[in-house]
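Residue-level structure breakdown
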Amino acid sequence: MVEGTEQTAKSEQTDFLHHLFVPVYMPAILFATGEGALIPVVPLTARALGADLATSGIISGLLMIGVVLGDIPSGFAVSRWGETFAMRGAAIIAIISAIVCWKAPNLTVLAVGVLMIGIASATFNLARHAFLTTWTPPWYRARAMSLLGGTSRIGYFVGPFLASPVIAFAGAQSVYWIHVFACVTVLIVLQVMPDPEKALAHNRASAESHRPQTLPGASAPSPTPLAASLSPTTRHRHRLPIITYFPVLIRMGTAAGILQMMRASRQVILPLWGVQLGISSPHIALIMGIAGAVDLSLFYTSGQVMDRFGRRWAAVPVLVGMSIGHLAMPFATAEWGYILVAIVISVANGLGSGIVMTLGSDLASRYAPDDMPSFLGGWRTSTDSGSALGPLAISAMTAVAGLSSAALLMGCCGLFGAFMMQRYIPRIVGK
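To keep things clear, this report deals only with the structure shown in the data block. Computed from a predicted model, the values in this text were never measured in an experiment.

Section: the overall build of the protein
When helices and strands are counted, the protein shows 20 helices and zero strands. Buried positions account for 53% of the 431 residues belonging to the protein. Sequence separation of at least 24 residues holds for 85% of the intrachain contacts in the protein that already meet a minimum separation of 6. For the protein, the computed accessible surface area is about 18,200 Å², with 69% contributed by carbon and sulfur atoms.

Below you can see the structure in the form of structure tokens.
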């Protein structure tokens, strides 16, 4: 009987991860590729329109601010109109916004365009996250989410390589058309491919009849003070998810936000540390590229660890590993030390691919089964706020006490986040 159940589960996983790869994951890869291509171009456009370095940085940061602002409205949109409609709408908004950035006559118009691209990104990513939360059973949810996290890594890794020759031959402004082309392709894929929700309906019915609704190795959830505070009545109130689900978001949302802050900080602090050491720009780019490849190669391993051993076996080591890398950075006074720190941080980050989305899905399934998109909107607001805060915290700390102090601050924050993950994942998620 157990063997038959395992075979059924493997068959369901194969059906989802292989037969539905194109309709489920391909749009995410395309969208991330277009976004990854234009990220390095936004500050160049701002400079061309007369912005100084500080203003260019602010305009580039509007992309992440747009994501944070768009998370909660996106949750309401997905809940009301569905995932596929939301993704199509996000792709259309992204196309219009990219063209606005391309034709921007001044910095104000450019800022609006960048902000709208961030909002479109929030909507698209939340819709894909909500879809996987709804249609993947808990016992291979982490692998499905790790693949989704991997699609973003693939897009952000490939995008700049596509942008480089376009900039060389047609100018930086032409890169916006890469995002336009990617989003048009997303619309085509969503139109011509079969609806994955219909294809997975039978899969889900079979899953519910063969497996318990708990995480691997976890007992059935028992009432806790936190669970009691999120009663069915509370779930159905028409209130902001940040308020409705405040008890869980203040605990796990803060921990996951710290993890996202660490991830965002590495993208800023590693290049800055290389510059401080006097390493040439080509060498810094090469080292960052190698580190990105290491990160990318580990994304599926994270899902296997989480599904087999539990969520905290990924979340805690990721935060500890990135914290060690940040804490060791002030001691990396030579290029070989810089390379070692970059690899340590990238390995740690790669082993946590999909962990934030997986935790969000686990919590949404438990505390908001009838309102998952709205809960995920609140969850992603908490985590994306961490992503937006990371570079700002580094900039402020660097201005006050230097880059070494910023690295130490991030390392200490990461250790605190690891403590919170260790403390609250067993209590809230179940393992």
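Additional details are given in the paragraphs that follow.
A closer look at the environment of V42
Position of V42 relative to the elements: it lies in helix α3 (residues 42-48). Excluding anything up to four places from it in sequence, V42 contacts I59, S60, L110, V114 and Y176.

Things to note about helix α18 (residues 355-367)
Here α18 spans 18 Å end to end across 13 residues, near enough to the 18 Å set by a 1.5 Å rise per residue. Burial runs high along α18: 11 of the 13 residues are buried. Burial in α18 covers these residues: I355, V356, M357, T358, L359, G360, S361, D362, L363, A364 and Y367.

Points about helix α13 (residues 246-276)
An α-helical segment advances 3.6 residues per turn. Residues three or four places apart therefore align on the same side. The sharpest bend along α13 measures roughly 35° and falls at G253. At the C-terminal side of α13, G278 shows a positive phi close to 85°.

Focus: the packing of aromatic side chains
Considering all chains together, one arrives at six aromatic pairs under this definition. For R128, the ring lying beneath its charged end belongs to F131, and the centroid distance is 4.9 Å.

Criteria and thresholds
- Residues numbered from 1 in each chain as written.
- Predicted model: local features only at pLDDT ≥ 70, side-chain atom pairs only at ≥ 80, totals over all residues.
- Heavy atoms only, no water.
- Helix = DSSP H or I, 4+ residues; strand = E, 2+ residues; numbered from the N terminus.
- Buried < 20%, exposed > 50% of the residue type's maximum accessible area, 1.4 Å probe, protein only.
- Contact = heavy atoms within 4.5 Å.
- Areas by Shrake-Rupley, 256 points an atom, 1.4 Å probe, with all protein chains shown as cover.
- Expected span 1.5 Å × (residues − 1).
- Bend = angle between axes of the 7 residues up to and from the residue.
- Phe/Tyr/Trp six-rings, centres within 6.5 Å; stacked < 30°, edge-to-face > 60°.
- Lys NZ or Arg CZ within 6 Å of the ring centre and 35° of its normal.

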